[in-house]
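Structural characterization, general
What follows is each chain in one-letter form.
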Amino acid sequence: MVNLPKKIQIDAILGEEFYKLLDKLGVREGFEAGNYHCHICGDKIEVKNVLIVFPLCENDVGFICRKPECITRYKLNLPIE
Ligand SMILES: [Zn+2]
């Protein structure tokens, strides 16, 4: 039996939970097509760099990437440049 580093296992679980969330929100197709970008910096959002999902309007959601400055700006609710 191979001992995988814990981090990889956690990431795998998060990935699956994340896709379930996208399904629930109805945005999985757009996400997989690469249509979503970080609400702060504009980087393309992928499973590997997504950190926060938040409701944007009735049928859409916004994403925040893992960059510390994006997380800080989101939490402080600073205006987007
Ligand atoms: Zn960002």
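Residues numbered from 1 in each chain as written. Predicted model: local features only at pLDDT ≥ 70, side-chain atom pairs only at ≥ 80, totals over all residues.

1. Concerning the overall build of the chain
When helices and strands are tallied, the chain shows three helices and two strands. The secondary structure elements of the chain, listed N-terminal to C-terminal, are α-α-β-β-α. Burial analysis of the chain (81 residues in total) assigns 12% to the buried set. (Helix = DSSP H or I, 4+ residues; strand = E, 2+ residues; numbered from the N terminus. Buried ≥ 20, exposed ≤ 12 C-beta atoms within 10 Å, placed from the backbone.)

2. Focus: the pairing of strand 1 (residues 50-57)
Of all eight residues making up strand 1, only zero are buried, and the element is barely covered by its neighbours. Sheet analysis places strand 1 next to strand 2 (residues 60-65), joined by six bridges and oriented antiparallel. Paired with Val50 across the two strands is Cys65, which belongs to strand 2. Counting the residues that bridge the hairpin from strand 1 to strand 2 gives two residues. (Pairing = 2+ DSSP bridges.)

3. Some details on the confidence of the model for the chain
The pLDDT averaged across the chain works out to 80; a share of 77% of its residues lies at or above 70. Taken element by element, the predicted model of the chain shows its lowest mean pLDDT in helix 1 (residues 6-25) (69) and its highest in helix 2 (residues 28-32) (92). (pLDDT = per-residue confidence, 0-100.)

4. Some details on the nonpolar core
Within the largest apolar cluster, 10 residues are counted, these being Leu22, Phe31, Tyr36, Cys38, Ile40, Ile45, Phe63, Ile64, Cys65 and Cys70. Residue contributions to this core peak at three residues, all from strand 2. Apart from residues no more than four positions distant in its own chain, Ile45 is found in contact with Tyr36, His37, Cys38, Val50, Phe63 and Cys65. (Core = buried A, V, L, I, M, F, W, Y, C linked by C-beta atoms within 7 Å. Contact = placed C-beta atoms within 7 Å.)

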